[in-house]
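# Structural overview for review
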Amino acid sequence: SGLLAGKRAVITAAAQGIGRAAAEAFQREGAIVTATDVNEEKLAELSALGMNVAKLDVMNADAISAFAAQTGTIDVLFNCAGTVHAGTILEASERDYDLAFDLNVKSMFRLIRAVLPGMIDNGGGSIINMSSVAGVPMGVPNRFVYSASKAAVIGLTKSIALDYIKQGIRCNAIAPGTVQSPSLEERMKAQGNYEEARAAFIARQPMGRIGLPEEIAALAVYLGSDVSNYTTGQVHVIDGGMSL
Ligand code: NAD
């Protein structure tokens, strides 16, 4: 039983943060989860919970083709992998820009190309792409490269949603505001004064708190499940009021 009963789901960047919370929530809702990441040590913890795990670098096209061939047909793909570059355009190098677009956007192109034919043959599927409020409903200071890449995710999402709508494929994006995660902790520490940085991140949300990965995972469960069958191509903002 559960909202995702019997659905075969693949999640990228599932070792920690939102991806991990989603892997656990998907499993609780009855999905057959394959959790992927580059961090094998943390993947082992998910393996211990009974999930299939696979080391998968979303920037490696060959590895993705091999992974998809081995995994076979799936019902739900959650493209969660992404990295945050801090800085303005004048603080961004060619390398920063290329890395963000490779990891945050092209990874989705690769994964979706690999699993979409199987989904179509199977009569449908749900694809969930991780975007952000940054660059989508709003601008965020010092997030030039990040915002550009997360906005690109929206064009990719809408295009796939429209092109495959008749084949039963749905493709939606999630746009979170600030969410508790290991990388958010690192961003706070990197600012020097941790308490001050944390207070500033909290202050971004009119709700006066940082979101929990489990709250984003619940939205991913909804989008992966048949409960959301009437929505496709949309940006689902979940941000404690940050973009209001
Ligand atoms: P995180 O940044 O703490 O963890 C990211 C995970 O990605 C790690 O487990 C890491 O090993 C994995 N990873 C890194 N490079 C990889 C690669 N090449 N291939 C596969 N996996 C790789 O987790 P998070 O903060 O929850 O972020 C997850 C997603 O949510 C990202 O796309 C991020 O941009 C997005 N997001 C996060 C927030 C937030 O405030 N935390 C807000 C909006 C959007």
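Calculation rules
- Residues numbered from 1 in each chain as written.
- Predicted model: local features only at pLDDT ≥ 70, side-chain atom pairs only at ≥ 80, totals over all residues.
- Helix = DSSP H or I, 4+ residues; strand = E, 2+ residues; numbered from the N terminus.
- Rg over C-alpha atoms; globule rule 2.2 N^0.38 Å.
- Buried ≥ 20, exposed ≤ 12 C-beta atoms within 10 Å, placed from the backbone.
- Contact = placed C-beta atoms within 7 Å.
- Pairing = 2+ DSSP bridges.
- Axes fitted to C-alpha atoms, helices over the stretch in contact; angles between N-to-C directions.
- Core = buried A, V, L, I, M, F, W, Y, C linked by C-beta atoms within 7 Å.
- Near = placed C-beta within 6 Å.
- Nonpolar A, V, L, I, M, F, W, Y, C, P; charged D, E, K, R; others polar.

### What to know about the overall build of the protein
From N to C terminus, the protein includes eight helices and seven strands. Here the C-alpha radius of gyration of the protein, 17 Å, is about what a compact globule of 244 residues would show, namely 18 Å. Seen along its three principal axes, the alpha-carbon backbone of the protein occupies a region of about 50 × 35 × 35 Å. Put simply, the protein has 244 residues, and 44% of those count as buried. When contacts within the protein are restricted to residue pairs at least 6 apart in sequence, those whose partners lie at least 24 apart make up 72%.

### Comments concerning the sheet that holds strand S4 (residues 76-79)
Strands sit in the order S3-S2-S1-S4-S5-S6-S7 across an open sheet of seven strands; the sheet is parallel. Where the open sheet ends on each side, the last strands, each with one partner, are strand S3 (52-55) and strand S7 (235-238). Geometrically, the sheet is characterised by an average inter-axis angle of 20° between neighbouring strands, direction not taken into account. One ladder, built from four bridges, connects strand S6 (residues 169-176) with S7; its direction is parallel.

### A look at the nonpolar core
Counting residues in hydrophobic clusters, the biggest one holds 66 residues, and the most contacted among them are Ala-9, Ile-11, Ala-22, Phe-26 and Ala-220. Top element by residues in this core is helix H4 (residues 94-121). It accounts for nine residues. Not counting residues up to four positions away in its chain, the partners in contact with Ala-22 are Ile-11, Phe-78, Cys-80, Ala-217 and Ala-220.

### Regarding the site of the ligand
Residues in contact with the ligand amount to 29 residues; listed here are only the nearest, Ala-13, Gly-17, Gly-82, Ser-181 and Ser-183. The residue makeup of the shell around the ligand, split by class, is 17 nonpolar, ten polar and two charged.

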